[in-house]
Amino acid sequence: MDKQSIFDAVQQIFRDNFDDEELVITPETCADDIEDWDSLEQINLLTAMEKKFGLKFKLEDVRGLENVGDLLALIERMTA
Amino acid sequence: MDLFAYPLDTGTILQKKRSLKRQLLQTPGLVPKKVALLSGSTIGEVKNILEIFLLANGIQPTFWEGGYGLFYENLMFDDGSLAAFAPDVIYIHTSQHNIKNRPCQSDSDADVQAKLDAEFARFESAAKAGLRFGCPVVLNNFDLPVYRVMGNREASDPRGKINFVRSLNCRLAQLAAATPNLYLNDLAWLQACHGMDAFSDQTAWYAYKYCCSIDCIPYLAQSVANIIKSLFGRNKKALALDLDNTLWGGIIGDDGPEGIVMGSETPAGMAYSEFQQYLKELGQLGILLNVDSKNEMANAEAGFARADSVLKKEDFVCFKANWEPKHLNLAAMAKEINILPESFVFVDDNPAEREIIRRELPGVSVPEMTAPEEYLTTLDRAGYFEVTTLSEDDKKRAGMYKQNAQRAALEQSFGSYEDYLKSLDMVGEFGAFDAPHAERITQLINKTNQFNLTTRRYSAAQVESLLNNPNYITLYGRLIDKFGDNGLVTALIGQVQGDTLDIDLWIMSCRTFKRQLEQAMFDRLGEACAAQGIRRIVGHYYPTAKNLLVRDFYATIGFELVSEAKDGSRTFVYENVSGHQPLCTVIEIRRV
């Protein structure tokens, strides 16, 4: 999967999860930028991404994810 | 919504929960309920998804959430916030992670027993502390631990943790069976149903302290919501069943009764027969079975006349085998039985028929029936008929509705409706609420929607508090006629305020509409009021999506309308208690 398709899929997950079809994310987007993005929602985002990309994150993988860029990098690494 | 049919689309439910909530909040007639969530592990998403499932069942929850892992402390030592919240239901979300004293290898048998007693006592006291709030309490039993130090011996050795958890579950089952208002959410079954490895996801536990995988949270929430909606009278009541390729294989009109597939000869035959057996058991629980089939009557009957047919024609309340559109048949049956179409589940293998029902009667539940070997599971997993309380009346219900059909047949042969009513030889038995009838009264209060003036719901504890309470006049009514005993079908609660009685609640089961029972009830109420020196009775009508029927009821029995609010609420007054003349002329009144 190329970078753009991963980005598009992640963006759609954010839009679905936060119920906002207008939402535009960038690699710098972080929990401070989206009101409902708390630790609870982080879990849902990760679960949705596991489903979407057929992955299973390890404890180590999901530690220290700071922003969308970190998420994208993780998925790119695991789907490479 | 298909999203909530089995198997659940868990991914979509989890991801789209916000838009789902937004849509579901538009549903007309949502009933508000206060739900207290007590935590043994992370509640967060459990709460969000539970909200979705409750909304899908017509219940709009507001939540009180206990501290993380503090289920015991919050219940035993409430700081007042839980009492102030006044919950309608309490859910204690515990799991095997909350077991503190586990057996170890150095324990003697007596040590293990002591640990078992201590653990059981802790959960028992938490549950009983919950019951003090006077509402139903739902408690999880325990999932099994995911590892077995001794392997299979864990199941039999007294020091085995598997054995220990199973023993605790037995004790909890006995507790729930013996404790009114306490209901178990069968976490152990959910874990078995989804498989331990899928359900007890270790990442979800270590990283987020969820007791089950995120993907299983919708199933957990559905299970809890099923108990809650059942408690609040939101169960389905009836099935409308297709015949060909639904209750048996093949087309009876083409293949003949000998040619259809059922019985133990073939794999498909076994699947159909077991499905019939399942339906028969639902019927024994009081779920009304009805046929809605495009067939000649004689052909349809011939299928059930086969010796190896588990279901017999007598098992059905309404039997519509004709060439009418199925939604018209269903609507007609709803009218005959006197329940709402939305109380039906429609079961048909034909996707086109299912689609028509969904379009024409949107409240009816229409599960996807794809292959006979899956019919039973599809119907079972949806939890349409979740049983929380089971009264003697439930078991007799199908018979009572059948008697109603006989009464309808009789009605046609009389000149006037009053002659017909007189011919029924009706006896009404009326009494104040008492302990032997409290369970049935509570059940009736919580599930009656049509003849319900105020749609106030009462918990078992609230009903109990009314027994022998001088500040209230309570009345229940039972109706017996020549076709049988209709059971306890009506109840009334009035608050005494000086020389005025304010009616908090007046309900009657739809199975005794148009029998003048409400008039007889009012006559009896008039007597009771006069005996206590009450001169005036005030009645209220609060509109809901389902009680339009009784909007003018008070006016029909001699009350005067004194005010009407913008939301359609109405207040009526009856000033003539002392001069009350009996309204009902067709029921012999028996005072108990």
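Residues numbered from 1 in each chain as written. Chains lettered and ligands numbered in written order. Predicted model: local features only at pLDDT ≥ 70, side-chain atom pairs only at ≥ 80, totals over all residues.

Caption draft 1: A look at the overall build of chain B. Scanning chain B from terminus to terminus reveals 23 helices and 18 strands. Scaling as 2.2 N^0.38, a compact globule of 592 residues should have a C-alpha radius of gyration of about 25 Å, and chain B matches this with 26 Å. Expressed along its principal axes, the backbone C-alpha trace of chain B runs to roughly 80 × 70 × 45 Å. For chain B, buried positions account for 45% of its 592 residues. Residue pairs in contact within chain B that sit at least 24 positions apart in sequence constitute 72% of those at least 6 positions apart. (Helix = DSSP H or I, 4+ residues; strand = E, 2+ residues; numbered from the N terminus. Rg over C-alpha atoms; globule rule 2.2 N^0.38 Å. Buried ≥ 20, exposed ≤ 12 C-beta atoms within 10 Å, placed from the backbone. Contact = placed C-beta atoms within 7 Å.)

Caption draft 2: Region of interest: helix H16 (residues 351-360) of chain B. Residue and element names in this part refer to chain B. Of the residues making up H16, those classed as buried are Glu353, Arg354 and Ile357. Viewed end-on, H16 has its buried residues packed into an arc of 100 degrees, placing them on one side of the element. Facing away from the buried side of H16 by more than 90 degrees, the exposed set consists of Pro351, Ala352, Glu355 and Arg359. (Arc of directions from axis to C-beta.)

Caption draft 3: Inspection of the domain arrangement of chain B at higher detail. What the domain assignment reports for chain B is domain 1 (2-231), domain 2 (238-382) and domain 3 (415-591). Here domain 2 of chain B and domain 3 of chain B have C-alpha centroids that lie 37 Å from each other. (Domains from an automatic or database assignment.)

Caption draft 4: Quick look at the sheet that holds strand E8 (residues 318-322) of chain B. Residue and element names in this part refer to chain B. Strand order in the open sheet formed by four strands is E8-E7-E6-E9, and the pairing between neighbours is parallel. Lying at the two open borders of the sheet, with one neighbouring strand each, are E8 and strand E9 (344-347). Each neighbouring strand pair of the sheet contributes to a mean axis angle of 15 degrees, computed without reference to strand direction. Of the pairings in the sheet, the one linking strand E6 (residues 238-241) to E9 comprises four bridges and is parallel in character. By the bridge assignment for E9, Ala240 is matched with Phe346. (Pairing = 2+ DSSP bridges. Axes fitted to C-alpha atoms, helices over the stretch in contact; angles between N-to-C directions.)

Caption draft 5: A look at the interface of chain B and chain A. If you look at the interface, chain B gives 14 residues, while chain A gives twelve residues. Among the elements of the structure, helix H1 (10-15), helix H2 (17-24), helix H3 (44-56) and helix H10 (202-208) of chain B are those that each provide at least two residues to the side of chain B that touches chain A. Counting residues per element, the side of chain B that touches chain A draws most heavily on H10(B), which supplies four residues. Grouping the constituent residues of the side of chain B that touches chain A by class yields five nonpolar, five polar and four charged. (Nonpolar A, V, L, I, M, F, W, Y, C, P; charged D, E, K, R; others polar.)

Caption draft 6: Representation of the packing of H2(B) against H3(B) within the structure. Residue and element names in this part refer to chain B. H3 packs onto H2 with a crossing angle of 30 degrees between their chain directions and a minimal axis gap of 10 Å. In terms of axis orientation, H2 runs roughly parallel to H3. Once H2 is placed against H3, the crossing between them reads as left-handed. Residue-level inspection shows Lys17, Leu20, Lys21 and Leu24 of H2 in contact with H3, the latter providing Asn48, Ile49, Glu51, Ile52, Leu55 and Ala56. (Parallel < 35°, antiparallel > 145°, perpendicular 65-115°, else oblique. Left-handed = near helix turned anticlockwise from the far one by under 90°.)

Caption draft 7: Spotlight on unusual backbone geometry. Residue and element names in this part refer to chain B. With an omega of -10 degrees, the peptide bond running from Tyr6 to Pro7 counts as cis. Its location among the elements puts Pro7 in the segment before H1. Phi angles above zero are rare outside glycine, and Lys209 is one such case at about 60 degrees. Among the secondary structure elements, Lys209 is positioned in the loop between H10 and helix H11 (217-231). When the 16 C-beta atoms within 10 Å are taken as the criterion, Lys209 is described as partly exposed. Positive phi is not limited to glycine here, since Asn338 has a value of about 70 degrees. Relative to the helices and strands, Asn338 resides in the loop between helix H15 (326-337) and E9.

Caption draft 8: Summary view of the nonpolar core. Residues and elements named next belong to chain B. Counting 70 residues, the largest nonpolar core has Ile90, Tyr91, Ile92, Val138, Ala221, Val224 and Ile228 as its most contacted members. The biggest single contributor to this core is H11, with nine residues. The contacts of Ile90, once residues within four sequence positions are left out, are Ala36, Leu38, Gly130, Phe133, Cys135, Val137 and Val138. By size, the runner-up hydrophobic cluster in this structure holds 46 residues, among which are Leu241, Val291, Ala321 and Ile337. (Core = buried A, V, L, I, M, F, W, Y, C linked by C-beta atoms within 7 Å.)

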